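Read off the chains here:
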2 protein chains.
Amino acid sequence: MNAGSEIVPFELLHLELVAQALNDTYLDIEKLESIGYSAGYRIVEKLAREGPKFKDELDLLKFICKDFWGAIFRKQIDNLRTNHQGVYVLQDNSFRFLNRVSGDRQYLEASPKFVSLTCGLVRGSLANLGVSAVVTAEITSLPACKFQVQVQRA
Amino acid sequence: MNAGSEIVPFELLHLELVAQALNDTYLDIEKLESIGYSAGYRIVEKLAREGPKFKDELDLLKFICKDFWGAIFRKQIDNLRTNHQGVYVLQDNSFRFLNRVSGDRQYLEASPKFVSLTCGLVRGSLANLGVSAVVTAEITSLPACKFQVQVQRA
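Residues numbered from 1 in each chain as written. Chains lettered and ligands numbered in written order. Predicted model: local features only at pLDDT ≥ 70, side-chain atom pairs only at ≥ 80, totals over all residues.

(A) Spotlight on the overall build of chain A. Secondary structure assignment for chain A yields 5 helices and 4 strands. Secondary structure elements in chain A, listed N-terminal to C-terminal, are α-α-α-β-β-α-α-β-β. For chain A, whose C-alpha radius of gyration is 15 Å, the value lies close to the compact-globule estimate of 15 Å for 154 residues. Principal-axis analysis of the C-alpha atoms places the extent of chain A at approximately 45 × 35 × 30 Å. When the 154 residues of chain A are sorted by exposure, 38% land in the buried category. In chain A, of all internal contacts separated by at least 6 residues, the share reaching a separation of at least 24 is 60%. (Helix = DSSP H or I, 4+ residues; strand = E, 2+ residues; numbered from the N terminus. Rg over C-alpha atoms; globule rule 2.2 N^0.38 Å. Buried ≥ 20, exposed ≤ 12 C-beta atoms within 10 Å, placed from the backbone. Contact = placed C-beta atoms within 7 Å.)

Structure, rendered in structure tokens:
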């Protein structure tokens with residue numbers, strides 16, 4: 001029996017948290033975001049410990065797209081765009097947390113709950129690296145997802 | 001930079017849930033157990049889909065110790081004992097969720113929060129396999145942990 005190789009406890013635990021939020025029990029979008037924020041903050045602490053210094057903000061965002069995304073989702077962000085004025089759009093064409101979500105209207109309406117923890121992950125990682133940002137997500141066509149990072153200047 | 005190989009998102013997400021419970025915000029031991037129960041129920045659904053039929057209860061518990069534990073924690077339970085009357089003790093000598101917990105008194109007092117989600121994982125997996133049980137945990141010396149399964153006869 002080797003079915004075990006398919007099991008990804010991280011995804012299932014995340015799915016369970018989303019399910020709790022869908023049921024409107026004790027978890028909501030803000031709490032999911034907050035859990036993600038703290039987890040992202042810690043993950044980057046470990047990842048960047050022996051990592052490179054960043055030469056600029058774009059360089060730092062590339063680190064998020066490659067190393068940070070890779071450590072969590074075992075893949076990289078597929079496309080990174082920026083307006084060079086503090087807005088970055090990170091596109092994942094096959095976002096793992098959306099892979100099991102069907103396109104039913106019911107799910108699409110609930111989709112913010114599937115991405116808010118990850119918005120928090122990104123915001124927390126950036127915060128730990130000294131960048132304050134607002135992070136939002138847009139689901140265009142499943143399972144693709146765009147995360148928009150808007151850097152807050154002091 | 002290859003520090004990424006050390007990052008285990010599942011552990012970090014779990015740690016974050018425990019941290020929320022330690023802060024007595026919206027999570028408590030019962031909710032952690034309940035999250036674990038649902039996740040365990042789903043995990044076993046995938047694991048046992050093409051798995052073996054169990055010849056008896058002990059055989060089923062061995063599956064939990066090997067395949068189930070392996071899929072989640074990438075190791076097996078180190079020791080399984082039973083009184084052959086429905087009580088099983090599963091000992092993990094190096095339980096992953098306790099690996100980062102220090103032996104400070106403060107943490108030992110909080111230790112039930114580090115194991116309750118896993119009690120739920122075991123209870124949920126057993127429930128999906130048709131066995132109703134009470135699952136408790138005892139931490140003797142860090143990072144070892146004993147999980148006791150008491151089968152509830154109908």
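(B) The arrangement of helix H3 (residues 57–73) of chain B in detail. The end-to-end C-alpha separation of H3 of chain B is 22 Å, in line with the 24 Å expected for 17 residues at 1.5 Å each. If you look at H3 of chain B, its biggest bend is around 30 degrees, right at Ile 64 of chain B. The complete set of buried residues in H3 of chain B reads Leu 60, Leu 61, Phe 63, Ile 64, Cys 65, Asp 67, Phe 68, Trp 69, Ala 71, Ile 72 and Phe 73 of chain B. Where H3 of chain B is buried, its residues touch helix H1 (9–22) of chain A together with helix H2 (29–47), strand S1 (79–82), strand S2 (87–92) and helix H5 (112–128) of chain B. Just downstream of H3 of chain B, Arg 74 of chain B is the residue with a positive phi angle, here 60 degrees. (Expected span 1.5 Å × (residues − 1). Bend = angle between axes of the 7 residues up to and from the residue.)

(C) Region of interest: the sheet that holds strand S4 (residues 145–151) of chain A. All names here are of chain A. Within the open sheet, the 4 strands sit side by side as S1-S2-S4-S3. Their pairing is antiparallel. Strand pairing shows two members of the sheet lacking a second neighbour, strand S1 (79–82) and strand S3 (133–138), which therefore form its edges. For this sheet the average axis-to-axis angle between neighbouring strands, irrespective of direction, equals 20 degrees. Across the sheet, helix H3 (residues 57–73) is in contact with S1, strand S2 (87–92) and S4; its angle to S1 comes to roughly 155 degrees. The sheet contacts of helix H5 (residues 112–128) involve S3 and S4, and relative to S3 the element is tilted by about 150 degrees. (Pairing = 2+ DSSP bridges. Axes fitted to C-alpha atoms, helices over the stretch in contact; angles between N-to-C directions.)

(D) Expanded view of the confidence of the model for chain A. Residue and element names in this part refer to chain A. For chain A, the average pLDDT comes to 87, and 93% of its residues sit at 70 or higher. Throughout residues 1–5 the model reports pLDDT below 50, and contacts reaching past four residues in sequence, or to other chains, amount to 13 contacts. Our summary of model confidence lists the complex with pTM equal to 0.82 and ipTM equal to 0.71. (pLDDT = per-residue confidence, 0-100.)

(E) Summary view of the sheet that holds S1 of chain B. Residues and elements named next belong to chain B. With antiparallel pairing, the 4 strands of this open sheet are ordered in space as S1-S2-S4-S3. Looking at the sheet topology across the chains shown, the edges are occupied by S1 and strand S3 (133–138). Taking the axes of each pair of neighbouring strands and ignoring which way they run, one obtains an average angle of 20 degrees across the sheet. Sheet analysis places S1 next to S2, joined by 4 bridges and oriented antiparallel. When the sheet's bridge partners are listed, Arg 81 is paired in S2 with Val 89. Contacts between H3 and the sheet are confined to S1, S2 and strand S4 (145–151), with S1 contributing the most and set at about 155 degrees to the helix. Across the sheet, H5 touches S3 and S4, and the angle it forms with S3 is around 150 degrees.

(F) Structural detail: the pairing of S4 of chain A. Residues and elements named next belong to chain A. Taken together, the 6 bridges between S2 and S4 define a ladder with antiparallel strand orientation. Bridge pairing links Leu 90 to Phe 147 in S4. For S3 and S4, the ladder comprises 6 bridges, and the chain directions are antiparallel. Paired with Thr 136 across the strands is Gln 148, a residue of S4. Following S3, the chain reverses through 6 residues before pairing antiparallel with S4.

(G) Main features of the environment of Leu 98 of chain A. Residues and elements named next belong to chain A. By the element assignment, Leu 98 lies in the loop between S2 and helix H4 (105–110). Look at Leu 98 and you get partly exposed, because 19 C-beta atoms sit within 10 Å. Spatially, the C-alpha atoms of Leu 98 and Leu 15 are 9.7 Å apart, while their sequence positions differ by 83 residues. Here Leu 98 is in contact with Phe 114, Ile 139, Leu 142, Pro 143 and Cys 145, once residues within four sequence places are set aside.

(H) Quick look at the environment of Phe 10 of chain B. Tracing the backbone shows Phe 10 of chain B in helix H1 (residues 9–22). In this structure the C-alpha to C-alpha distance between Phe 10 of chain B and Glu 138 of chain B, which are 128 residues apart in sequence, comes to 22 Å. Setting aside chain neighbours within four positions, we find Phe 10 of chain B in contact with Pro 9, Phe 10 and Leu 13 of chain A.

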